[in-house]
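Below are the chains, spelled out letter by letter.
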Protein chains: 2
Amino acid sequence: MKIALDAMGGDHAPHEIVHGAVDAANRLKDVSCIFLVGDEAAVNAELAKHPKVNMDRLKVVHAPEAIGMDEAPAQAVRKKKLCSISICMEMVKRKEADAMVSAGNSGAVAASAVFTLGRIPGVTRPAIATALPTRLPHRPTLLLDAGANTDCEAIWLTQFAVMGATYSQAVLKQPVPVVGLLSIGSEDGKGNEMTKKAFQLMQKIDVNFRGNVEGHDLFMGEMDVVVCDGFVGNAVIKTAESVAKAVGYWIKKEFFLDPVRMFGALLLKGALQTLRSRMDPEIYGGAPLLGVPGTVFITHGSSSHRAIYHAIIAAAAAAANNLTDTITKRIAAMEVMVADAPPAQQA
Amino acid sequence: MKIALDAMGGDHAPHEIVHGAVDAANRLKDVSCIFLVGDEAAVNAELAKHPKVNMDRLKVVHAPEAIGMDEAPAQAVRKKKLCSISICMEMVKRKEADAMVSAGNSGAVAASAVFTLGRIPGVTRPAIATALPTRLPHRPTLLLDAGANTDCEAIWLTQFAVMGATYSQAVLKQPVPVVGLLSIGSEDGKGNEMTKKAFQLMQKIDVNFRGNVEGHDLFMGEMDVVVCDGFVGNAVIKTAESVAKAVGYWIKKEFFLDPVRMFGALLLKGALQTLRSRMDPEIYGGAPLLGVPGTVFITHGSSSHRAIYHAIIAAAAAAANNLTDTITKRIAAMEVMVADAPPAQQA
């Protein structure tokens, strides 16, 4: 499996990105090559800091440009043809890479994916699918859209449901993914105008739809896929991270207040490590952009080398499954409904 | 201060509601009377269970009807004129009570408030304002709307901002409340169509507006008021509660796995109590419905006696401040903008 990695994307690039790639190249057997795409000199300088590097599996690909985290996505992608994100995407298109991973400007990654790779036939809008940890260690909930589309139409949510269910089945190995619609009450009639329409449509398509779910249900481990518009999804995910961070802050503050408590915390070291790993978004491996014909993974802007390492694992796993064909077929199967949808627009 | 309490509202009514009222009557000096509004026989049966009851401060008011948690709000309120919620509201209207508190169907409380009390002049839609705990012990963030309005127009959010800032100043004693607009990026241009419009309007009104904020910012203690539409607000609050609950579940599971850990947890007993109280939504005292001429507090459907007790404290504090007059004046001051708003509609 060959991965194109955006070495310039994210708050800690290229340092943490290169570090994550070095770890992956040294440890992962099924990743035959990681292309480090970015400023050649900067990437090589980072590589030189690592005493042990498996250079058989790492290749530096020069990208003369990079897109900043605060640049307007579509414009930046149009203007900077030779940016690291677009070069990664071109490599996926030419099948030189099986997947691409970026911790950069997520809007720019989504825009570049649509410009370069296009969309899977029938998909109106690609969506970012983020895996959230739940009470059950091996059953994350996939929330989509996590931020690619701020204003959604009801029909798009049915496509998100099909794409999410396909990913859950093929990559996360859930045999019959349970799908929910994020709303503000579990009763059938609850929601806003858009979700009420989506509720009606969801009942007609070929997914295991369980109706409306609430914020409460996201972390219970009873849902495999939850769909919502990208504004809500983004707000929910950032809120969840924020609460986890606040709790971590309080634990740190309270558990180390005096020597007795510090001794107690020492006895609970293992428990605290488990807790931290459960609450750690970095091991969830980034979020696939579903709906484009190619494997594109977006990770958090604040990604450390651990996040990059886990995203490479997840991207390789996704690329090993033929998602594009399956999504194409399943979207085509809902074509009667898609025919009612508004014409596809460029993102 | 006299409080009308809906004894029939919530998942644990009338048991927990009466318990909370008894505690408040026994302990709170500035609450001269709590009216327990509900089925007289059921309420008296609950009162009989308490050995010590300050009956000078408790009065039972019979309500022959009650609204269920899953009834359609507006219809139920229209049909059941003698339900406990509507009788509480009538008492507020007739100034027999200074405030009302209900753990019942929040939609029905909001509908009944608008039907019975009307709206503060200039307010298009009342909003539920929920106080969220933050990193800083004495600086909660007020999030509104928390669920009264699922589909909002941009202008409504400016009214939410003014009402939230007024409450924050008068009741939570923040001298110059900092106001944010919930979005999916802190940059000015980020958001959906509605929030982008709201962003423009927010800059023109008389609040200390700090621009877009994200889920990340909700628990940092840097914002006093954050506005959003009721769908997003509700999803965000339920998500936050859900994460806190999941963390609590993991802590319980991991900290009591073996005797060594249990001893560690024993040494951390005080810290765990502090942590629990920080994450406990019950002590935040319910949420005021802002925009109606009267003090109306909505608490969680799952409210225990502690939640009711704290909601009575919060409602009394809110009633002691002349919010209606201040909100009327501040909304009138933005009348140029309100004139551009669509005509007021019945909730």
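Reading the values: the criteria
Residues numbered from 1 in each chain as written. Chains lettered and ligands numbered in written order. Predicted model: local features only at pLDDT ≥ 70, side-chain atom pairs only at ≥ 80, totals over all residues. Heavy atoms only, no water. Helix = DSSP H or I, 4+ residues; strand = E, 2+ residues; numbered from the N terminus. Rg over C-alpha atoms; globule rule 2.2 N^0.38 Å. Buried < 20%, exposed > 50% of the residue type's maximum accessible area, 1.4 Å probe, protein only. Contact = heavy atoms within 4.5 Å. Areas by Shrake-Rupley, 256 points an atom, 1.4 Å probe, with all protein chains shown as cover. Lys, Arg positive; Asp, Glu negative; His and termini not counted. Charge placed at Lys NZ, Arg CZ, Asp CG, Glu CD. Phe/Tyr/Trp six-rings, centres within 6.5 Å; stacked < 30°, edge-to-face > 60°. Lys NZ or Arg CZ within 6 Å of the ring centre and 35° of its normal. Pairing = 2+ DSSP bridges. Axes fitted to C-alpha atoms, helices over the stretch in contact; angles between N-to-C directions. Expected span 1.5 Å × (residues − 1). Parallel < 35°, antiparallel > 145°, perpendicular 65-115°, else oblique. Left-handed = near helix turned anticlockwise from the far one by under 90°. Nonpolar A, V, L, I, M, F, W, Y, C, P; charged D, E, K, R; others polar. pLDDT = per-residue confidence, 0-100. Core = buried A, V, L, I, M, F, W, Y, C linked by side-chain atoms within 4.5 Å. Least-squares fit on C-alpha atoms with pLDDT ≥ 70 in both. Buried area = accessible area lost by both parts, 1.4 Å probe. Salt bridge = Lys/Arg side-chain N within 4 Å of Asp/Glu carboxyl O. Polar contact = N/O pair within 3.5 Å; in protein donor to acceptor, adjacent residues only side chain to side chain.

*Asks:* Teacher, can you tell me more about the overall build of chain A here?
*Replies:* Scanning chain A for helices and strands turns up 13 helices and 12 strands. Its C-alpha radius of gyration of 20 Å places chain A within 12% of the 20 Å reference for a compact globule of 347 residues. The principal-axis extent of the C-alpha atoms belonging to chain A is close to 60 × 60 × 35 Å. Within the span of chain A, comprising 347 residues, buried residues form 58% of the whole. Taking as baseline every contact in chain A between residues at least 6 positions apart, the subset at least 24 positions apart corresponds to 74%. For chain A, the accessible surface area stands at approximately 13,700 Å², while carbon and sulfur atoms represent 54% of it. Of the charged side chains in chain A, 35 are positive and 35 negative; the average position of the first set lies 3 Å away from that of the second.

*Asks:* In this structure, what is going on with the packing of aromatic side chains? I would like to understand it.
*Replies:* Here the distance between the centres and the angle between the planes together describe a pair of aromatic rings. As enumerated under the stated definition, the model contains three aromatic pairs over all chains in all. Look at phenylalanine 199 of chain A and phenylalanine 209 of chain A: their rings are 5.5 Å apart centre to centre, the planes differ by 70°, and that puts the pair in the edge-to-face class. With a gap of 10 residues between them, phenylalanine 199 of chain A in helix H7 (residues 193-202) and phenylalanine 209 of chain A in strand S9 (residues 208-213) connect regions that are remote in the sequence. Taken as a pair, phenylalanine 199 of chain A and phenylalanine 209 of chain A share a single burial class, namely buried. One Lys or Arg, arginine 27 of chain B, reaches over the ring of tyrosine 309 of chain B and ends 4.8 Å from the middle of that ring. Taking NZ or CZ as reference, arginine 135 of chain B lies 4.2 Å from the ring centre of tyrosine 249 of chain A, over its face.

*Asks:* Is there a simple way to think about the sheet that holds strand S3 (residues 58-62) of chain B in this case?
*Replies:* Backbone hydrogen bonds are what pair the strands of a sheet, in a parallel or an antiparallel way. Residue and element names in this part refer to chain B. Pairing is mixed in the open sheet, where 11 strands are placed in the order S3-S2-S1-S4-S11-S10-S5-S6-S9-S7-S8. Because the sheet does not close on itself, it has two edges, and the strands there are S3 and strand S8 (208-213). The sheet shows a mean angle of 25° between the axes of neighbouring strands, taken without regard to direction. Relative to strand S9 (residues 225-227), strand S6 (residues 141-144) is paired through three bridges, and the arrangement is parallel. Within S9, the position partnered with leucine 142 by the bridge is valine 225. Where helix H6 (residues 154-170) meets the sheet, it contacts strand S5 (127-132), S6, strand S7 (178-182), S9, strand S10 (287-290) and strand S11 (295-298), and its direction lies at approximately 165° from that of S9.

*Asks:* Honestly, helix H8 (residues 230-255) of chain A in this entry has me stumped. Any pointers?
*Replies:* Residues spaced three or four apart along an α-helix point in a common direction, a consequence of the helix completing one turn every 3.6 residues. Counted at 1.5 Å a residue, the expected span for H8 of chain A with its 26 residues is 38 Å, and the 37 Å between its end C-alpha atoms agrees. Among the 26 residues that make up H8 of chain A, 21 are buried, leaving the element largely enclosed by the rest of the structure.

*Asks:* How do you make sense of the packing of H8 of chain A against helix H10 (residues 269-279) of chain A when you look at a structure like this?
*Replies:* Helices that pack against each other are described as a pair by the angle of their axes relative to one another and the distance between those axes. All names here are of chain A. At a minimum axis distance of 11 Å, the contact between H8 and H10 shows a crossing angle of 160°. Taken together, the axes of H8 and H10 lie roughly antiparallel to each other. Every pair of crossing elements has a handedness; the one defined by H8 and H10 is left-handed. Of the residues in H10, those touching H8 at Ala244, Val247, Gly248, Ile251 and Phe255 are Leu272, Leu275 and Met279. Classifying every residue of the contact of H8 with H10 gives seven nonpolar, one polar and no charged.

*Asks:* I'm lost on the confidence of the model for chain A in this one. Help?
*Replies:* Parts of the prediction with low pLDDT should not have their coordinates interpreted in detail. Residue and element names in this part refer to chain A. Residues with a pLDDT of 70 or more make up 95% of chain A, whose mean pLDDT is 90. Low pLDDT, under 50, characterises residues 343-347; the stretch is placed with 10 contacts to residues that sit more than four places away or in other chains. The complex model carries a pTM of 0.88, and its ipTM stands at 0.86.

*Asks:* Which parts of the structure should I look at to understand the nonpolar core?
*Replies:* The nonpolar side chains of a soluble globular protein tend to be buried, and buried together. Grouped together as the largest cluster of nonpolar side chains are 122 residues, with contacts concentrated most on Met100, Phe255 and Val296 of chain A together with Met100, Phe255 and Val296 of chain B. With residues near it in sequence (within four places) discarded, methionine 100 of chain A still touches Ala4, Ile85, Cys88, Met89, Val92, Val109, Thr295, Val296 and Phe297 of chain A.

*Asks:* Sorry, what's going on with the relation of the copies chain B and chain A here?
*Replies:* Here the second copy of the chain follows from the first by a rotation about an axis and a shift along it. Superposing chain B onto chain A takes a rotation of 180° plus a shift of 0.0 Å along the axis, which leaves an RMSD of 0.0 Å. The symmetry that links the two subunits is that of a two-fold axis. For chain B, the smallest separation between a C-alpha atom and the rotation axis is recorded for glycine 264 of chain B, amounting to 1.9 Å. Comparing contact sets, 100% of the residues at the interface of chain B also lie at the interface in chain A, consistent with an isologous, same-surface contact.

*Asks:* What's the story with the interface of chain B and chain A in this structure? I'm lost.
*Replies:* One frequent convention defines the size of an interface as the accessible area lost when the parts assemble. Listed as interface residues are 53 residues of chain B and, on the opposing side, 53 residues of chain A. Across the chain B/chain A interface, buried area totals approximately 5,100 Å², and carbon plus sulfur atoms make up 72% of it. When the buried surface of chain B facing chain A is broken down by residue, Ile184, Phe231 and Trp250 of chain B rank first, second and third, together holding 15% of it. Close ionic contact of lysine 238 of chain B with glutamate 214 of chain A constitutes a salt bridge, the shortest N to O distance being 2.3 Å. Linking chain B with chain A are 10 residue pairs in polar contact (both at pLDDT 80 or more), by the criterion used here. For the side of chain B that touches chain A, the elements supplying multiple residues, two or more each, are helix H7 (193-202), helix H8 (230-255), helix H9 (259-267) and helix H10 (269-279) of chain B. It is H8 of chain B that contributes the most residues to the side of chain B that touches chain A, 19 residues altogether. Considered class by class, the residues forming the side of chain B that touches chain A number 27 nonpolar, 15 polar and 11 charged.

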